[in-house]
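Coordinate analysis (summary)
Residue strings, one per chain:
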Amino acid sequence: MESISKDLFIEVKDLHVEFDVRAGIVKAVDGMFLEIRRGQTVGVIGESGCGKSVTARAIMNMIPKPGKITGGEILYHRRNRETGEVQTIDITKLDPDGEIIRQIRGGEIGMIFQEPMSSLTPVYTAGQHIYEAVSLHRLIPVKKLGDQMVETIVAHRKVTKEEAREIAVEMLRKVGIPKPEQRVDSYPHQLSGGQRQRVMIAIALSCQPEMLIADEPTTALDVSIEAQILDVMRDLQNTVNMAIMFITHNLGVVAEMAEEIVVMYMGKQVERARVVDLFYKPKHPYTQALLRSIPRIGKKSDVRLATIEGMVPDPFHLPTGCVFHPRCPMFMPGKCDKIEPSNIQVDDHHWARCLLYEEVKV
Amino acid sequence: MTAATLPTKKSQARQVSQSYWSLVWWKFKKNRIAVIGGIILILMYFCMAVIPEFIAPYALERKSSFTEARPQTIRFIDAQGNFSLRPFVYGLERKIDEQLRRRTYVENPQVKYYIYFFVKGDPYKLLGFIPWDRHLFGVDPSIKDAHIYIMGTDSNGRDFFSRIIYGGRLSLLIGLIGQLLTIILGSILGAISGYYGGAIDMFVQRFTEFLNAFPDIPLFMALAAAIPKYWSPITVYFMLTLILAFVRWGGLARQVRGLILSLREREYVLAAKSAGASDSRIMFRHLLPGTMSHVIVIATLSIPGMILSETALSWLGLGLRPPLTSWGVLLQEAGTVYAIRFAAWQLWTIPFILATIMAYNMLGDGLRDAMDPYSAR
Amino acid sequence: MSEAATVATPSTYNPPKDGNLLLDVRGLKKYFPIQKGLLRRVVGYVKAVDDVTFFVREGETLGLVGESGCGKTTAGRTIIRLYEPTGGEVYFKSRVLSPSGEPQWVNMAALDRAQMKLVRQEIAMIFQDPINSLNPRMSVGDIVAEPMVIHGKYGPDSEQVIISLLERVGLRADHLRRYPHEFSGGQRQRIGIARALSMNPRLVICDEPVSALDVSIQAQTLNLLQDLQKDFNLSYIFVAHDLSVVQHISDRVAVMYVGKMVEMADAEELYTAPLHPYTEALMSAVPKPDPLYKSERIIMQGDVADPSNPPSGCYFHPRCRYAVDICKTKTPEFRELKPDHYVACHRAEELKLRGV
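Just so it is clear, the model here is predicted, and its values are computed rather than measured.

**Some remarks on the pattern of salt bridges**
Scanning the model with the defined rule gives 52 salt bridges over all chains in all. Across the pair Lys 268 of chain A and Glu 340 of chain A runs a salt bridge, and its minimum N-O distance is 4.0 Å. On the criterion of sequence distance, the pair formed by Lys 268 of chain A in strand β12 (residues 268-274) and Glu 340 of chain A in the loop between α12 (285-293) and β13 (344-347) is long-range, its members being 72 residues apart. Measuring nitrogen to oxygen at the nearest pair gives 3.9 Å for the salt bridge that ties Arg 285 of chain B to Asp 142 of chain C. With Arg 285 of chain B in helix α10 (residues 279-315) and Asp 142 of chain C in helix α3 (residues 140-150), this pair bridges two chains. A relative accessible area of 34% places Arg 285 of chain B in the partly exposed class. Judged by its relative accessible area of 38%, Asp 142 of chain C is partly exposed. Beyond isolated ion pairs, a larger network of salt bridges with shared partners links Glu 35, Arg 37, Glu 260 and Arg 272 of chain A.

Listed below in structure tokens is the structure:
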């Protein structure tokens, strides 16, 4: 038990995020559970509007107005970089503009977004972006000689400009940008889409974060560039042992990258399992339908694709009971439309939110 | 997808089927300041541009022996402390100010003129063809020498309030008509320039730059000076409107061109083209309607500039000239130290101009928000 | 302008004997000039589509794939002259331009405006962006009716026709008076499909029709397109970047790279036995939705070449792991190496490439 909790990095427990808009209240995240261990890659998949990006922003305590966290907790098991002590912080309780969350953002948890062009400041060079991140968060250990004993004391100071440039070049080399000594002085518009995304990754990684939140990092890229980026991310993860929260709607990407997968639907976690279990033994009807509905390369068939009938429900008129029941092929009348399923363990390390696996009395 | 766009997109799905303009109206109505601005403008245009003869108690050129008389105060309680539900004014009495050695007027509490509504007065033609002689308010015409000057009189003894009302007609309409011409000129040339590009675009753009490069006032002066003196006042008025529109269409044309350039690459325009739509159909059915909301906002916000230009030109003596009466002409007459020192009520024009400009800005800001009904809030 | 009066351009075109072709594109070029300075001097060209040859058979789906900037969208738009072609011929078996009503070959690239307008009844387009492709100021009924209005075919019965079209694509009659913003992405795409079908076209150019849609909606839309193809005997040019979607829907697939056609073959054959190294690398790069799949990915180094300044010889040679000297100097010819399997690679005969 002790070792497990030591390994835990982020725990999202029963998170609720609501947006109060003109037409009513949208429950963008409605009872989300998530656990990320150190060095682990967790894939979060779901269709647009399912709340996967909002969850990521909640972890950074960056919910845009008019949204707010209305319930649950996000426990961050913060390890002191010097002493190794672990201290648990509830991110939802932090002041969103406070000192602590600003240290965490970018410094301890990095984030990359889908659109690399709009995420980079057009008047900063690639290098300047990295210097900025580095000068905010990265500290260099310095050795001092004590008076009494010959003792080294580790202290920290901010990096100098020359060091920052060195770090920037080094980071660009790590993410596979050719001629990094020249590219460090390029502006975003002088870089191709793939290179911009690499620069984003370099910025996020330059402060040596312990976790990276990647929100659809390859969706805007071509497959050949996507393959390069995924390769870079995997290599880096192996060398620095960083946790990754990988948000995507692409089942192929998530199958390659993630060890564990969380499936979201209408703000709820509907299934969570190890990647192989999820792809080979999906339990929730939504996951099953999702997996059936994608065309698979190399498996040409004349049969029609299986579809999920209907549309994502209107967030102001959520269905009663299980939110998926109007589209569910396994719909059990009198049960699914009445009772809200809970998140139950269906197998070893496998959770699903479905009444098929729950003993309930009607 | 960002988190912020999600809930608003979904929220629209719930509204009952509405066209773009009904959505705009629905959103505009919720903005109280803009609605107030709109109501003020409608009232002003109705009172001053449509029925000024009825609103004003006197005809425009009705002179009296009271020259530069101070405004009379509307009262309910007389000097003895008696309350009267019907408001009244004291009659004016001429006096000589010994110190300044000039004629002044004082209110005489002995003479009371009660104010009546729909009184008979100077005859006029309502809307230009209905003969009538009633005025919104006034004093009993059967009493000899009864008079009411709530904003005083000018040096010819004309009622200043009536002059402001009549002057408003020209000033308000020059803004509206001038802006209308600007819209027509600007959006057609802007649309052609943006849609066809190439040499036409080049020519239109250089020409607008040429116009914009000139400082406004000297350009106005040159053009206004070219208007022959013997032209009838009404021709001068229309020429001035044309000049104002001509100098100002360039900015609007540029904005329309920019919008057309961005709309031109929208897929729905390509869809219409691929279905075989003609250039004019694409222009009038797909491109210009998309720019109309912006054009209306820009136009609303620039009408005050138009009105001020007229005022400024007339004040400089280059625009409208007496006998035409506009706010600019009134200000020009009041623009002497003597007038400000001894007949300060002639500055009553300024609050009217300010109110118009503020009302336009309130309306324009509200329209700008309402024209984008797909956005949040 | 009556249809009977319009005479089709006489063409010297000889259709190949083998198939019942509907569209035959030969050497299509579209260069966009790069202008600089106040006088807009032309300083170069972006060769968006450069000597592209392919054909579409009646009733089939041709998938057109490639990475962004490869010219696949431009090619689709140049065929129906949304962009004026710089060169090449586009032969189409047209009915409306034929006085007898029997399909007759015309070169669309050479038609005049009036003739082209008539041919547009037979070719429709479906666009990518479900938000931008519908005019927000027009109701659904007006949007679907627009092609009929343009061609003067809107009559008293047309509303009924539109309603049945809407129902056919999975919408309801009461959607007629609604506006695009009230619909979800998938529904908007259905409106776009209804508009494309309103003139009973024979060829539909689908430009990334599902790439902006969610996974579950994507499957519904693909199924709908397939059903409609059967019902109305449509031919599709399916432009997309998602190779799994293209494989699913296409009978034949053509691959483009930097404005050039590199390979075209039967879908099954192209995916299992590609002949061009680019096709091979592209397919290996697609992430497979199978965690147990052993990925032997070929990582293409560098970025897609710049179409305004392409490399010498074969445009793919700087990223190709099989490149030899000839690839740097000589542009490979697009040739039929096996029956119905075309490729543009110097080493196509000798290479043993791997499919998926």
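**A short note on the sheet that holds strand β5 (residues 86-90) of chain A**
Residue and element names in this part refer to chain A. Spatial strand order, β2-β1-β4-β5: four strands in an open sheet with antiparallel pairing. Of all strands in the sheet, those with a lone pairing partner are β2 (24-37) and β5, marking the two edges. On average, each strand axis in the sheet is tilted by 10 degrees relative to the strand beside it, whichever way the strands run. Here strand β4 (residues 67-79) runs beside β5; their pairing, made up of five bridges, is antiparallel. Note on β5: the bridge partner recorded for Arg 79 is Val 86. Contacting β1 (8-21), β2 and β4, helix α2 (residues 52-59) crosses the sheet at an angle of about 115 degrees to β1.

**Digging into the sheet that holds strand β3 (residues 102-126) of chain B**
All names here are of chain B. The antiparallel open sheet is built from four strands, whose spatial order is β1-β2-β3-β4. Both edges of this open sheet fall to β1 (75-77) and β4 (130-139), since each of them pairs with a single strand only. Taking each pair of neighbouring strands and ignoring which way they run, the sheet shows an average axis angle of 50 degrees. Inspection of the sheet shows strand β2 (residues 83-97) paired to β3 by ten bridges, in the antiparallel sense.

**Focus: the pairing of strand β8 (residues 235-240) of chain C**
Residues and elements named next belong to chain C. The buried count for β8 comes to six of six residues, which makes it a mostly enclosed element. Burial of β8 is two-sided: the residues Ser 235, Ile 237 and Val 239 facing one way and the residues Tyr 236, Phe 238 and Ala 240 facing the other way are all buried. As paired elements, strand β3 (residues 61-65) and β8 share five bridges and run parallel to each other. If you follow Gly 63 over to β8, its bridge partner there is Phe 238. Taken together, strand β7 (residues 203-207), helix α6 (residues 215-232) and β8 constitute a β-α-β crossover, and its handedness is right-handed.

**Details of the domain arrangement of chain B**
Annotation of chain B at the domain level lists domain 1 (36-47 + 164-370) and domain 2 (72-148). Once you take the C-alpha centre of each, domain 1 of chain B and domain 2 of chain B turn out to be 39 Å apart.

**Thoughts on the interface of chain C and chain A**
Chain C puts 40 residues into the contact, and the matching count from chain A is 44 residues. Between chain C and chain A, the buried area comes to about 3,700 Å², and carbon and sulfur atoms account for 57% of it. On the surface where chain C and chain A come into contact, there are one salt bridge. The closest approach of N and O atoms between Arg 297 of chain C and Glu 256 of chain A, which form a salt bridge, is 2.6 Å. The interface formed by chain C and chain A includes twelve residue pairs in polar contact (both at pLDDT 80 or more). Contributions of two or more residues to the side of chain C that touches chain A are made by α6, α7 (243-249), α8 (267-272) and α9 (277-285) of chain C. The element best represented in the side of chain C that touches chain A is α6 of chain C, accounting for eight residues. Each residue belonging to the side of chain C that touches chain A can be placed in one class, and the counts come to 19 nonpolar, twelve polar and nine charged.

So, how was this worked out
- Residues numbered from 1 in each chain as written.
- Chains lettered and ligands numbered in written order.
- Predicted model: local features only at pLDDT ≥ 70, side-chain atom pairs only at ≥ 80, totals over all residues.
- Heavy atoms only, no water.
- Salt bridge = Lys/Arg side-chain N within 4 Å of Asp/Glu carboxyl O.
- Helix = DSSP H or I, 4+ residues; strand = E, 2+ residues; numbered from the N terminus.
- Buried < 20%, exposed > 50% of the residue type's maximum accessible area, 1.4 Å probe, protein only.
- Pairing = 2+ DSSP bridges.
- Axes fitted to C-alpha atoms, helices over the stretch in contact; angles between N-to-C directions.
- Contact = heavy atoms within 4.5 Å.
- Right-handed = clockwise from strand over helix to strand, strands pointing away.
- Domains from an automatic or database assignment.
- Buried area = accessible area lost by both parts, 1.4 Å probe.
- Polar contact = N/O pair within 3.5 Å; in protein donor to acceptor, adjacent residues only side chain to side chain.
- Nonpolar A, V, L, I, M, F, W, Y, C, P; charged D, E, K, R; others polar.

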